[in-house]
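Here are the chains, one letter per residue:
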Amino acid sequence: MRLIFMGPPGAGKGTQAGRITAEYNYLHLSTGDILRAHRKKGTELGQQAQSYMAAGELVPDDLILKMVAAEFERPEIENGFILDGFPRTVAQADALDEVLKETGKTLDFVLVMDVPDEELVARLTARRTCRTCGRSYHLTFNPPKTPGVCDVDGGELYQRDDDKETTVRNRLAVYMRQTQPLIEHYTKQGLVRHIDGVGSVDEVFSRIRKVLESHSHTD
Ligand code: AP5
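Please read all numbers here as calculations on a predicted model, not as lab measurements. Counting starts from 1 at the beginning of each chain's written sequence and moves along it residue by residue. At least 70 in pLDDT is required for a residue's local features to be given in this predicted model, at least 80 for side-chain atom pairs to be given and counted, and no such filter applies to totals for whole chains, interfaces and linings, which use all residues. Hydrogens and water are ignored here; the side-chain numbers use all heavy atoms of the structure.

Enquirer: Explain helix α4 (residues 61–71) to me, please; I cannot follow it from the model alone.
Expert: Residue pairs spaced three or four apart in an α-helix point in one direction, given the helix's 3.6 residues per turn. For α4, the set of buried residues is L63, I64, M67, V68 and E71. Angular distribution of buried residues about the axis of α4 spans 125°; they occupy a single face of the element. Opposite the buried face of α4, by more than 90 degrees, sit the exposed residues D62 and K66. Whether two residues are in contact is decided by their heavy atoms, any of which lying within 4.5 Å being enough. Put simply, DSSP marks the helices as runs of H or I at least four residues long and the strands as runs of E at least two long, and each gets a number from the N terminus on. For α4, the elements touching its buried residues are β2 (27–30), α2 (31–41), α3 (44–55) and α5 (90–103). To sort residues, take the accessible area from a 1.4 Å probe on protein chains only and compare it with the maximum for the residue type: under 20% means buried, over 50% means exposed, and anything in between is partly exposed. In this description, one arc is meant: the one made by directions from the helix axis to the C-beta atoms.

Enquirer: Would you mind going over the sheet that holds strand β6 (residues 136–138) with me for this structure?
Expert: As a general point, the strands of a sheet are linked pairwise by backbone hydrogen bonds and lie either parallel or antiparallel. Between any two strands, pairing holds if DSSP finds at least two bridges. The sheet built from three strands is open, its strands ordered β6-β5-β7 with antiparallel pairing. Edge positions in the sheet fall to β6 and β7 (157–158), since each of these pairs with one other strand and no more. As judged from the two bridges shared by strand β5 (residues 127–130) and β7, these two strands associate in the antiparallel manner. Bridged to C130 within β7 is L157.

Enquirer: Explain helix α7 (residues 165–179) to me, please; I cannot follow it from the model alone.
Expert: If you check α7, its first and last C-alpha atoms are 20 Å apart, about what 15 residues at 1.5 Å a residue would give, namely 21 Å. Of all the residues in α7, the buried ones are T167, V168, R171, L172, V174, Y175 and T179. All buried residues of α7 fall inside an arc of 165° around its axis, so they share one side. Residues T166 and R177 are exposed on α7 and point more than 90 degrees away from its buried face. Multiplying one less than the number of residues by 1.5 Å gives the expected span of a helix.

Enquirer: I keep staring at the site of the ligand and nothing clicks. Help me out?
Expert: Put simply, a residue is near a molecule or strand once any heavy atom of it comes within 4 Å of that molecule or strand. The local shell around the ligand holds 37 residues, among which T15, E57, R127, Y137 and R171 are the closest. For the purposes of these results, a polar contact is taken to be a pair of N or O atoms within 3.5 Å, where, inside protein, one atom must be able to donate a hydrogen and its partner to accept one; residues adjacent in sequence count only when each atom of the pair is a side-chain atom. Here an oxygen atom of the ligand and a side-chain polar atom of R88 are 2.7 Å apart. The protein chains shown are the only cover counted for residues, whose accessible areas, like all others here, come from Shrake-Rupley with a 1.4 Å probe. Starting from 1,000 Å² of accessible surface for the ligand in isolation, the protein chains cover 97%. Going through the elements one at a time, α1 (13–24), α2, α6 (117–125), β6 and α9 (201–218) are the ones with two or more residues in the shell around the ligand. Residue polarity follows a fixed list, in which Ala, Val, Leu, Ile, Met, Phe, Trp, Tyr, Cys and Pro are nonpolar, Asp, Glu, Lys and Arg are charged, and the others, Gly among them, are polar. Here the shell around the ligand is built from residues that sort into 14 nonpolar, 14 polar and nine charged.

Enquirer: What exactly am I supposed to notice about the pairing of strand β3 (residues 81–84) here?
Expert: It is a general feature of regular strands that their side chains alternate between the two faces of the sheet. The alternating pattern of β3 places F81 and L83 and I82 and D84 on opposite faces, both of which are buried. Pairing geometry for β2 and β3, over four bridges, is parallel. Residue H28 lies in a different strand from β3, and its bridge partner there is I82.

Enquirer: Hey, could you run me through the nonpolar core in this one?
Expert: Note that soluble globular proteins tend to have their nonpolar side chains buried in a common cluster. Working definition of a nonpolar core: buried Ala, Val, Leu, Ile, Met, Phe, Trp, Tyr and Cys residues. They are joined through side-chain atoms within 4.5 Å. In terms of nonpolar packing, the biggest core is built from 31 residues, with M6 and Y186 touching the most fellow members. Here the element with the most residues in this core is α4; it accounts for four residues. For M6, the residues in contact, after removing those within four places along its chain, are K13, P87, V110, L111, V112, M113, Y175, T179, L182, I183 and Y186. Formed by 23 residues, the second largest nonpolar core is a distinct cluster that contains F5, A17, V211 and L212.

Enquirer: What exactly am I supposed to notice about the pattern of salt bridges here?
Expert: Where side chains of opposite charge bring their charged atoms close, a pairing between them can arise. Here, a salt bridge means any side-chain nitrogen of Lys or Arg that lies within 4 Å of a carboxyl oxygen of Asp or Glu. In the structure shown here, the tally under the stated rule is 15 salt bridges. The partner of D202 in a salt bridge is R19, and the shortest N-O contact between them spans 2.8 Å. Separated by 183 residues along the polypeptide, D202 in helix α9 and R19 in helix α1 bring together distant segments of the chain. Residues D162 and R160 are paired through a salt bridge, measuring 3.0 Å at the closest nitrogen-oxygen approach. The pair formed by D162 and R160 is uniform in burial state, with each residue classed as buried. Three or more residues are tied together by salt bridges with common partners; here these are R127, R160, D162, D163 and R171.

Interpretation in functional terms is not warranted from these geometric data alone.
Written out as structure tokens, the structure is:
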């Protein structure tokens, strides 16, 4: 399947995309994770993206589109994919439409995860992220088995520099202004399914699985 996970910062896109891709063997393409990997390696792209990310602003479209084009060359993309955090602007959505048209591919769904703002702030300000694999935890809602250590690979957990409350609030405003309008873009294509993102990680996962399974039964 070819899916987009959309929703405000902290909606659970990364958490759920990680679970779905592990179960269904799709490629998980998180533009946030790819950008953080570039920052860690100190590449030119990582350096160019740094100030935008730290302020909670979007990285310019030309940089993102070049980066995503390289990801679309990966052979694993043929198994299906989840785009997490992309597209985020109308220009990115138009570019994606173009690439899909050129390669004869179509999207199955755009899953929009709905969570109220105050819950998003509570989730993000107590999030901890693995330095090695990027997996997200929450100090209260989704804690690691050993404090400060990733369950999967033993990596160190750290707080992202854009997870401080003032930056989180700016990211929410940026989402409303620049990304929310894309829901209309994909509604017109008949692709949007809303998912209630409130509840335990397992509850949200089973809601998403139901949507995916109902689709594969109608194929
Ligand atoms: P990115 O990394 O994509 O951040 P985001 O969209 O702001 O999303 P998050 O990773 O913050 O949230 P999420 O929805 O994945 O939630 P998660 O599963 O972690 O982007 C970062 C920056 O990179 C951007 O600000 C921008 O600068 C740049 N960027 C990236 N893509 C770009 C693009 N296309 N164009 C331009 N710039 C781009 O969960 C959050 C927390 O909640 C965790 O602690 C988790 O454990 C917890 N949680 C998850 N589910 C639940 C639940 N059901 N109940 C309780 N807690 C839960």
